[in-house]
Amino acid sequence: MKIEIERPKPGRVIVRLQGRLDADTAPGLKEQLHEIARTGAESVVVDMQAVDFIDSSGLSALVSGLKALRQQGGALNLSQPQTQALTALRLTMLDRVFPIFTSVEEALSEGDLLAP
Amino acid sequence: MEGDLVAVFKSIKRLWHTTTEGGLAIVGRGDRPAGSVQGRKLPAAVRRALIEESPLDALKTGRGFWWVTSPSPGLLGRVQLIAWAPNDKGWGHFLQIWTDMLAFSLGEKAVADRLTEALVDAWDRLTFLYELTHIAGQVTELPDMLSSIVRLLAQVVSAEDVFLVTGDDSGWESVTASGDLLPQPAALVENIPRAGRPVGLAEIQPALAQAESPLAQVGDLLVAPLLGEGNLSGVIGLLDSRQSCFDSSDMQLLASVAEQVGALIEAVRARAARQESQRLEHELEIAAGIQASLLPVELPRIAGLELAAYLRPARRIGGDFYDVAEAKTGETMLLLVDVAGKGTPAAILTALVHAIFHGEASHSRDPADLLQVINQILQPDLEKAEAFVTAVIVRLESESIGFSYASAGHVDAAHWRNRDQRVEFLPATGLPLGIDPTCTYHSQPVALNPGDVLYLYSDGVTEAENPEGAFLGLRGLSDIINAINPAQVEEQLRIIVESLDVYRRDLPLRDDVTLLLVRALPENEVSREVIPFVIPVELTAISQLVDLVRNLGPTLPISNAEHRRQMADDFALALSEVVTNQIEHAFQGRKGQIYGRVIVEREQLVADLYDSGVPFQPSKIPQIPVDSDDPPERGYGLRLVRGLLDIFVCRRLEGERNHWHLVKKFSGVDKL
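Asks: Can you tell me about the overall build of chain A, naming the residues and giving the values?
Replies: If you tally the helices and strands in chain A, you get four helices and five strands. Its helices and strands in sequence order give chain A the pattern β-β-α-β-α-β-α-β-α, from N to C terminus. Of all intrachain contacts in chain A linking residues separated by at least 6 positions in sequence, the fraction that spans at least 24 positions is 66%. Carbon and sulfur atoms make up 48% of the accessible area of chain A, which amounts to about 5,100 Å² in all.

Printed below as a string of structure tokens:
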């Protein structure tokens, strides 16, 4: 799993994932999301376009990141999850928890609307 | 203090090598003007010295060279270094600093040891010689090396002759600077104190006189032991017809020289030993080739049966062996042999068994008779070799479905009884071969029904050892067999071998591993594909299973490609959740392995997983709705498994095993 972090402007963070988000790689993502929450981000977009497999550990890492960000008054949006990830999100009803967008730009501008 | 100097020199040399990939040596000491302080051209004097004293072609050709004198003198003067490197990136600057360090250390050493100039000079020159030969790694023949050492030493000391004695307990030979023969060199070696210091004539004379050595009559004698790794490899010494002509400085000089030469001889011998072991290795390779050629080129094709075999020696050549021959009445006879011991003697015995089995199988049709004959013929050889052999012979019946076997003290063969879905073990029916020439064996008939599998193997399988020191055992083998059926025989073999590797974890193979499998084909074989697997209890291993299932995607009997892919993805996710659960909950941090199989059927995907962890009852775990304002961080695995699968059960098997059964039906998609 490759994790790339981009900060297009202050308070906005794009986390681009590539590969498999499973029990082996999820702890790394969780740590990164918590680190981002600590530095105080308003809106984080996790780009899931290149995630070809996610399991419950991956979902747990996303939920953990979401909660950490919410505590700091931030938000976590998902962008372009693929079929396999959508199935996992739907079956766990997490599709009702995470705002899901069809592009990173859309997810980011949503953050702009919410920003004070 | 000498140690300090050597340490400083070594660390400088190491540093130089890591920085430049070149080499470095002390060429001299004192205020002699260097031929060139810095430059790429090697001074003529050094070039000459190199050509005379060392065959280092590399040093004579165009790489970067420096001959540097330390900028400031130590107490005994300046130090001169020669250094070389594949290129020049301004390394000369470092050399200036390092030679200064050396000059300083040399001064300290001299003060402490009261070394004479001659000693330092000789030490430097020998270090030079030693370092060159050492670095080059192309030490010439030992005799040439020893002659040049005595000649070199003779130039430095004022002695009529310099001698060197080397060899071992089978004989000692001398070389002298004068070319004269040294009388009775062995007497010197046998009487030298091995403490490592040189001794004078007074100390060794009584012993030499006792040994009636003419050396007891010389004017003066100094001799030092040559030690390498604590072993005495010879002596080096000075001889003179004048009485009491050697003093303490000669003694110190000899001590230094002896240390250098001892290390040099050790290095040369180690190299010779390496070459010898390479030669042996080559011979072993040939022997291994011969042994491999004794194995059957291919296994017989028998209607209704499938056969597969595997042999992996723990060392280059092994004591395990399997074979196939035709009985008098046309049936196939199988043999699996384990000769106690490994290496060449075991290999010779396996070749002998091979010859007897092939010679006798065609006269016999009963496994017990055949064992008896082999036992009688082998008896004298086994007695001489103080070895014994275990063997199992199986005759596959051509008419009815079944076999009969006889086992000479061999580890229990295993029989998978498909109808009962369990493993039965087939014990030995007599003593190992070579124990008792009059031993009688008996043959046991066994039915082989459709789906049944016979596993012949050597004890390298059941005695596979994990890092905790536990054997796989018959129990562990049962676990594997239980999980891999009803896969095809080649697949079963692959997973058994893989399971042994997983079980041993990082431990090397200690015993030969041999397997010979016979499977009676079931009638409905074509309608499904069985893929057995084994993984270690590690989260990192789960991705292998995900790959395995996803790779099945394109082969699923579903018409739409996208649906095939989704079906495989869903099943891979469910399987990985179950395995994650096994690893995190059933094993609770313990090591181990998980065996299982994935089955592709016409209407569904099935997986069975087996582990030896604590019991788990998924039905007892309640499913709480997810609160979208405060979603739980964990507990999504079971939710996924329930959502993805049509059937998911975990049952407890006897022997504290868990069996997980997963089914996903091809519903809502167009089947092929």
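Asks: Run through the overall build of chain B, naming residues and quoting values.
Replies: Looking only at helices and strands, chain B features 17 helices and 23 strands. Within chain B, contacts between residues at least 6 apart in sequence are counted, and of these 69% link residues at least 24 apart. A total accessible area of about 30,400 Å² is found for chain B, and carbon and sulfur atoms account for 51% of it.

Asks: Requested: an account of helix α11 (residues 367–385) of chain B, with residues and values cited.
Replies: All names here are of chain B. Here α11 is 19 residues long and its end C-alpha atoms lie 25 Å apart, about the 27 Å a rise of 1.5 Å per residue gives. Of all bends in α11, the biggest is about 50 degrees, found at Gln379, and the proline Pro380 comes one to four residues later. Among the residues of α11, Pro367, Ala368, Leu370, Leu371, Ile374, Asn375, Leu378, Gln379 and Leu382 are the ones counted as buried. Positive backbone phi, approximately 50 degrees, marks Glu386, located one or two places after α11.

Asks: Lay out a nonpolar patch on the surface in plain terms, naming residues and giving numbers.
Replies: Together, Phe388, Leu431 and Ile435 of chain B make up a nonpolar patch on the protein surface, roughly 260 Å² of accessible area in all. Residue position: Phe388 of chain B is located in the loop between α11 and β12 (389–396).

Asks: Tell me about the interface of chain B and chain A, residues and numbers included.
Replies: Facing 30 residues of chain B, the contacting portion of chain A comprises 27 residues. Each partner contributes to the roughly 2,200 Å² buried at the junction of chain B and chain A, and carbon and sulfur atoms together form 59% of this total. When the buried area of chain B at its contact with chain A is split by residue, Arg550, Glu633 and Tyr636 of chain B rank highest and sum to 25% of it. One can count three salt bridges joining chain B with chain A. Elements that contribute at least two residues to the side of chain B that touches chain A include exactly α15 (542–552), α16 (561–586) and α17 (636–644) of chain B. By residue number, the principal contributor to the side of chain B that touches chain A is α16 of chain B, which donates 10 residues.

Asks: Break down the sheet that holds strand β15 (residues 422–426) of chain B for me, citing the residues and quoting the values.
Replies: Residue and element names in this part refer to chain B. The strand order across the open sheet formed by five strands is β9-β18-β17-β14-β15, and the pairing between neighbours is antiparallel. The open sheet has two edge strands with one neighbour each: β9 (305–312) and β15. Geometrically, the sheet is characterised by an average inter-axis angle of 15 degrees between neighbouring strands, direction not taken into account. Pairing between β9 and strand β18 (residues 513–520): eight bridges, direction antiparallel. The residue of β18 that forms the bridge with Leu311 is Thr514. Relative to the sheet, helix α13 (residues 473–484) contacts β14 (413–417), β15 and β17 (453–457), its axis offset from that of β15 by approximately 135 degrees.

Asks: A description of the packing of aromatic side chains should follow, citing residues and the corresponding values.
Replies: Counted under the stated rule, the structure contains one aromatic pair over all chains. Plain terms: the ring middles of Phe648 of chain B and Trp660 of chain B are 6.3 Å apart, the flat faces sit at 25 degrees to each other, and that makes the pair stacked. In this pair, Phe648 of chain B sits in strand β22 (residues 647–653) while Trp660 of chain B sits in strand β23 (residues 657–665), placing the two residues 12 residues apart along the sequence. The exposure class of Trp660 of chain B is buried, given its relative accessible area of 0%. In this arrangement the basic side chain of Arg20 of chain A is found over the ring face of Phe53 of chain A, its NZ or CZ atom lying 5.9 Å from the centre.

Asks: So, the nonpolar core: which residues are in play, and what are the values?
Replies: Judged by nonpolar contacts, the single largest core of 75 residues is most densely connected at Val46 and Phe98 of chain A together with Leu662 of chain B. Ranked by residues supplied to this core, first place goes to α16 of chain B with 11 residues. Once residues within four sequence positions are removed from consideration, Phe98 of chain A is found in contact with Leu62, Val63, Leu66, Leu76, Leu78 and Leu89 of chain A. Among the nonpolar cores identified, the runner-up in size contains 50 residues, and Leu294, Leu295, Val324 and Leu516 of chain B belong to it.

Asks: Explain the pairing of strand β2 (residues 12–21) of chain A to me, and be specific about the residues and the numbers.
Replies: Side-chain direction in a regular strand flips from residue to residue, so the side chains alternate between the two faces of the sheet. Residue and element names in this part refer to chain A. The element β2 is largely enclosed, with a buried count of seven among its 10 residues. The sheet contact formed by strand β1 (residues 2–9) and β2 spans six bridges and is antiparallel. Note that in β2 the partner of Glu4 across the bridge is Arg16. Linkage of β1 to β2, two consecutive antiparallel strands, is achieved through a turn of two residues, within which Gly11 is found at a positive phi near 85 degrees. Across nine bridges, β2 lies against strand β3 (residues 43–54) in parallel orientation. Counted as the bridge partner of Arg12 is Ser43 from β3. Since β2 and β3 lie parallel, the crossover through helix α1 (residues 26–38) that links them has a hand, and here it is right-handed.

Asks: Outline the confidence of the model for chain B, listing residues and values.
Replies: Residues and elements named next belong to chain B. When pLDDT is averaged along chain B, the result is 80; 79% of the residues meet or exceed 70. For residues 30–63, every residue scores under 50 in pLDDT, and the model assigns this stretch 62 contacts once sequence neighbours within four places are set aside. pLDDT under 50 marks residues 107–119. Its contacts with residues more than four places away, or in other chains, come to 24 contacts.

Asks: Would you mind going over the sheet that holds strand β5 (residues 100–101) of chain A in detail, with residue names and values included?
Replies: One open sheet holds the five strands; their spatial order is β1-β2-β3-β4-β5 (chain A), and the pairing between them is mixed. A single partner strand is all that each edge strand has here, and the edge strands are β1 and β5 of chain A.

Asks: Describe the environment of Arg20 of chain A, with residues and values.
Replies: Residues and elements named next belong to chain A. Relative to the assigned elements, Arg20 resides in strand β2. Take Arg20: its relative accessible area is 16%, and that puts it in the buried class. Between the alpha carbons of Arg20 and Ala50 there is a distance of 8.8 Å; along the sequence they are 30 residues apart.

Quick notes on the rules
- Residues numbered from 1 in each chain as written.
- Chains lettered and ligands numbered in written order.
- Predicted model: local features only at pLDDT ≥ 70, side-chain atom pairs only at ≥ 80, totals over all residues.
- Heavy atoms only, no water.
- Helix = DSSP H or I, 4+ residues; strand = E, 2+ residues; numbered from the N terminus.
- Contact = heavy atoms within 4.5 Å.
- Areas by Shrake-Rupley, 256 points an atom, 1.4 Å probe, with all protein chains shown as cover.
- Expected span 1.5 Å × (residues − 1).
- Bend = angle between axes of the 7 residues up to and from the residue.
- Buried < 20%, exposed > 50% of the residue type's maximum accessible area, 1.4 Å probe, protein only.
- Patch = residues over 30% accessible without salt bridge, like charges linked within 9 Å, V, L, I, M, F, W, Y side chains within 5 Å.
- Salt bridge = Lys/Arg side-chain N within 4 Å of Asp/Glu carboxyl O.
- Buried area = accessible area lost by both parts, 1.4 Å probe.
- Pairing = 2+ DSSP bridges.
- Axes fitted to C-alpha atoms, helices over the stretch in contact; angles between N-to-C directions.
- Phe/Tyr/Trp six-rings, centres within 6.5 Å; stacked < 30°, edge-to-face > 60°.
- Lys NZ or Arg CZ within 6 Å of the ring centre and 35° of its normal.
- Core = buried A, V, L, I, M, F, W, Y, C linked by side-chain atoms within 4.5 Å.
- Right-handed = clockwise from strand over helix to strand, strands pointing away.
- pLDDT = per-residue confidence, 0-100.

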